[in-house]
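# A structural walkthrough
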Amino acid sequence: MPEIHTSPVRPIRPAVLADEAALGELDRSTWSTLHAVTPKPQPPYAPFFDDRHKPEDLLVAEGERAPGEVCLAGYLRLVPPTPLACNVHVRQIQGLAVADWARGRGVARHLLRAAFVAARSDGANRMTLRVLGHNAPARALYESEGFVVEGVLPGEFFLGGRYVDDVMMGRSLAP
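The rules behind the values
Residues numbered from 1 in each chain as written. Predicted model: local features only at pLDDT ≥ 70, side-chain atom pairs only at ≥ 80, totals over all residues. Heavy atoms only, no water. Pairing = 2+ DSSP bridges. Helix = DSSP H or I, 4+ residues; strand = E, 2+ residues; numbered from the N terminus. Contact = heavy atoms within 4.5 Å. Salt bridge = Lys/Arg side-chain N within 4 Å of Asp/Glu carboxyl O. Buried < 20%, exposed > 50% of the residue type's maximum accessible area, 1.4 Å probe, protein only. Phe/Tyr/Trp six-rings, centres within 6.5 Å; stacked < 30°, edge-to-face > 60°.

In this section: the pairing of strand 6 (residues 148-159). Judged from the eight bridges that link them, strand 6 and strand 7 (residues 162-172) form a sheet pairing that is antiparallel. Along strand 7, the bridge assignment pairs Phe157 with Val164.

Another aspect to go through is the side chain of Arg13. Position of Arg13 among the secondary structure elements: in strand 1 (residues 13-14). Excluding residues that lie within four positions of it along the chain, Arg13 makes contacts with Asp19, Leu58, Leu59, Val60 and Glu62.

So, on to the pattern of salt bridges. The full count for this structure, using the stated rule, is 10 salt bridges. Put simply, Glu25 and Arg28 hold a salt bridge, and the shortest N to O gap is 3.6 Å. Of the two residues, Glu25 and Arg28 both sit in helix 1 (residues 20-29), three residues apart, roughly one turn of that helix. Notably, a salt bridge pairs Glu150 with Arg126, separated by 2.6 Å at the nearest N-O pair. Taken as a pair, Glu150 in strand 6 and Arg126 in strand 5 (residues 126-132) lie far apart in primary sequence, 24 residues in all. With a relative accessible area of 45%, Glu150 lands in the partly exposed category. One salt-bridge network, held together by shared partners, links Arg13, Asp19 and Glu62.

We now examine the packing of aromatic side chains. Counted by the stated rule, this structure contains five aromatic pairs. Both rings, one in Phe116 and one in Phe147, keep their centres 6.0 Å apart while their planes meet at 45 degrees; by these two values the pair is tilted. Residue Phe116 is located in helix 2 (residues 107-121), and its partner Phe147 is located in the loop between helix 3 (136-144) and strand 6; the two are separated by 31 residues in the primary sequence. By relative accessible area, which is 5% here, Phe116 ends up buried. Judged by its relative accessible area of 2%, Phe147 is buried. The interplanar angle of 65 degrees and the centroid separation of 5.7 Å between the aromatic rings of Tyr142 and Phe147 together place this pair among those described as edge-to-face.

Shown next as structure tokens:
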């Protein structure tokens, strides 16, 4: 993916292997049943990158945690939803995380907009995602960026002692 410039955050860029430790730490520090359906990570931690999670699938945002201290602020994982030729025109967001210190600075919105540009440049004309029904902040962000609810699997997950809906959202990438 090409480097994508957005403001006011630093340019969004593709991940590189050297980001692995920071991405793993970000993933673990932001884990919550608000958005995760997998168990809380426990040591020894699995590598962040593997056969299904490659650097080229991630966009990363950097920011200043403190003056002069630039570090990873967030990431978005963008992949084809299937290996099928009949839906090569679709990209799916399969992960978005923002560091606690970077929340409220527009990082997630900039990652989303960079993902739209990257997906279009890769020939996609549609984007989809899944979000947990009780994750109101994420759903509001996605809706503000043009995603609409296209389906709901009621009570699909049992998290934190309650059943939670799995909400499918999508949007066109047409200009």
